[in-house]
Amino acid sequence: MKHHPARLIAKKRDGGELAADEIADLVSGVVDGTLGDAQLGAFLMAVCCNGMTAAETAALTLGMRDSGVVLRHDRISKPKIDKHSTGGVGDKVSLLLAPLVAAAGVAVPMVSGRGLGHTGGTIDKLAALPGYRTDLSITEFGDVLEQCGYAMLSPSAELAPADRRMYATRDISGTVESIPLITSSILSKKLAEGIDGLVMDVKCGRAAFMQREDDARALMETICATGRSAGVKIAALLTDMDHPLGLALGNALEVVEILEALDGNCPEDLREVTLELGAEMLVLGGVAVDPRAARATLERLWQDGVVRQVFRHNLELQGGDVRVLDDHTLLGRAPVIEAVSAPRAGFVEDVDPLALGQVVVDLGGGRRQPSDAIDPHVGIVLQKQLGDPVAAGEPLAIVHAATTAAWEAARVRLVAAMPVGEERRKRRPVVLDRA
Ligand code: URA
């Protein structure tokens, strides 16, 4: 490092503003190891406590982006637009959105993550598709993108490597919850994909990273401002995560929900978020004049089966078994599949996404430790949503479990997570705001 690390850390600790070259120097120290673990932890805590100015956040984002390879897709003349979600329960939008938007002429180079805590990850869902590969080389990634309009890649050590070390350190040092650190972590990886534009899905609610609406809004605004200052077109939706998205929770079950959606059978909330994000992507890419026209195009492509064809083409190119489109049983099934019944008649007064996400993790569908293996077949398929009337003994959900004991443990928690009472509550709109 050119600067003395302790001096830079102390400057941030005392509320000073770091210059762009000082931040670039710190990031180089993260990558080459000249910034030690204690120093990195201290720097992250100073940022967490004192925040960062817009200029500092932008410099950190660009430094982290440039810490590895920044992809270029020169052979592809289409606009290159991606989507990123801050994560939720039942959020399988990427699997549907990428072929949807690709069908309309936008290229989607999508690098996705694994599940984090109770929130699922696109890469884990794709792993439930027999044969599907997300460990593509960067050349293969570009080839798939060129041939079918979208490509899915698991996080690569070559893209934004500074984030890997910084994220791991944040995770163990109480410094995850910082708007500049979240912004630079997300955007550095997305900007390294070589995109022209990005649509952010900032989730808000009990199962979201940002539970309070004003925190989610602040994150949304910082991400938009930082992305724009980095020269990328950016739009954002603030969406509800106080209720699971769609009906299926658990990797293979969520893939089945997507396969059914491709055939036109899609839960309304999932359809709404997907179409709204897709419409923003078409507008950012300049292939539609406004979100209404974009949405009409997407609805037509979906209904006409074009999106299904694009999905099929991508499956073929990434090694997936295309027969799953017509035979969902090829995804396999859990040994114990049984309904959980309502204990009384009334209305479903809550569908707690955090509690249900944790049930899925404990069934084996998520990880408690980064090294845990995932059981793709377990999970929950909701039969009722918030405000639905239910008769005593009628199914609230179907639980897919590896053993009867796991099913029974899940049943008890599911009944508590979906209380039935006299009050008919209404779900808030799934798209809460946009920027
Ligand atoms: N996702 C990321 O990639 N980084 C964060 O800091 C939070 C969510």
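Here is a short report on the structure shown in this document. The residue numbering used here restarts from 1 in each chain and proceeds along that chain's sequence as written. The model is predicted, so local features are restricted to residues of pLDDT at least 70 and side-chain atom pairs to those at 80 or more, both for listing and for counting; the totals for chains, interfaces and linings are taken over all residues. With hydrogens and water set aside, each side-chain value is computed from the structure's full complement of heavy atoms.

**Examining the nonpolar core**
The nonpolar core is taken to be a set of buried Ala, Val, Leu, Ile, Met, Phe, Trp, Tyr and Cys residues, with the residues joined through side-chain atoms within 4.5 Å. Partly exposed residues are those whose accessible area sits between 20% and 50% of the maximum for their type, while under 20% is buried and over 50% is exposed, using a 1.4 Å probe and protein chains only. Ranked by internal contacts, the top residues of the largest apolar core, which has 97 residues, are Tyr-150, Ile-380, Val-399 and Leu-414. Helix and strand assignments follow DSSP, with helices taken as H or I runs no shorter than four residues and strands as E runs no shorter than two, numbered in order from the N terminus. The greatest single-element share of this core, amounting to 9 residues, is contributed by helix H5 (residues 93-103). When we break this core down by domain, the ones giving at least three residues each are domain 2 (81-158 + 170-325) and domain 3 (332-421). Here Leu-414 is in contact with Val-340, Leu-356, Ile-380, Leu-396, Ala-397 and Val-399, once residues within four sequence places are set aside. For the domains described, the bounds stem from an automatic or database domain assignment. Pairs of residues are marked as contacts when any of their non-hydrogen atoms sit within 4.5 Å.

**Some details on the pairing of strand S5 (residues 233-240)**
Two faces, one strand: in a regular strand the side chains alternate between the faces of the sheet. Here S5 lies mainly inside the structure; 7 of its 8 residues are buried. Any two strands are treated as partners once DSSP identifies two or more bridges connecting them. In the sheet, strand S4 (residues 197-204) pairs with S5 via 8 bridges, with the strands oriented parallel. Its bridge partner being in S5, Cys-204 is matched across the sheet by Asp-240. Of the crossover connections in this fold, the one passing from S4 over helix H10 (residues 213-229) to the parallel S5 is right-handed. Here S5 runs beside strand S13 (residues 431-434); their pairing, made up of 3 bridges, is antiparallel. Considered in S13, the bridge of Thr-239 is made with Val-431. If the strands point away from the viewer and the path from the first strand over the helix to the second runs clockwise, then the crossover is right-handed.

**Thoughts on the sheet that holds strand S8 (residues 346-348)**
One open sheet accounts for 3 strands, arranged S10-S8-S12; its pairing is antiparallel. Sheet topology places strand S10 (389-390) and strand S12 (420-421) at the edges, where each strand pairs with a single neighbour. The sheet contact formed by S8 and S12 spans 2 bridges and is antiparallel. Its bridge partner being in S12, Phe-347 is matched across the sheet by Gly-421.

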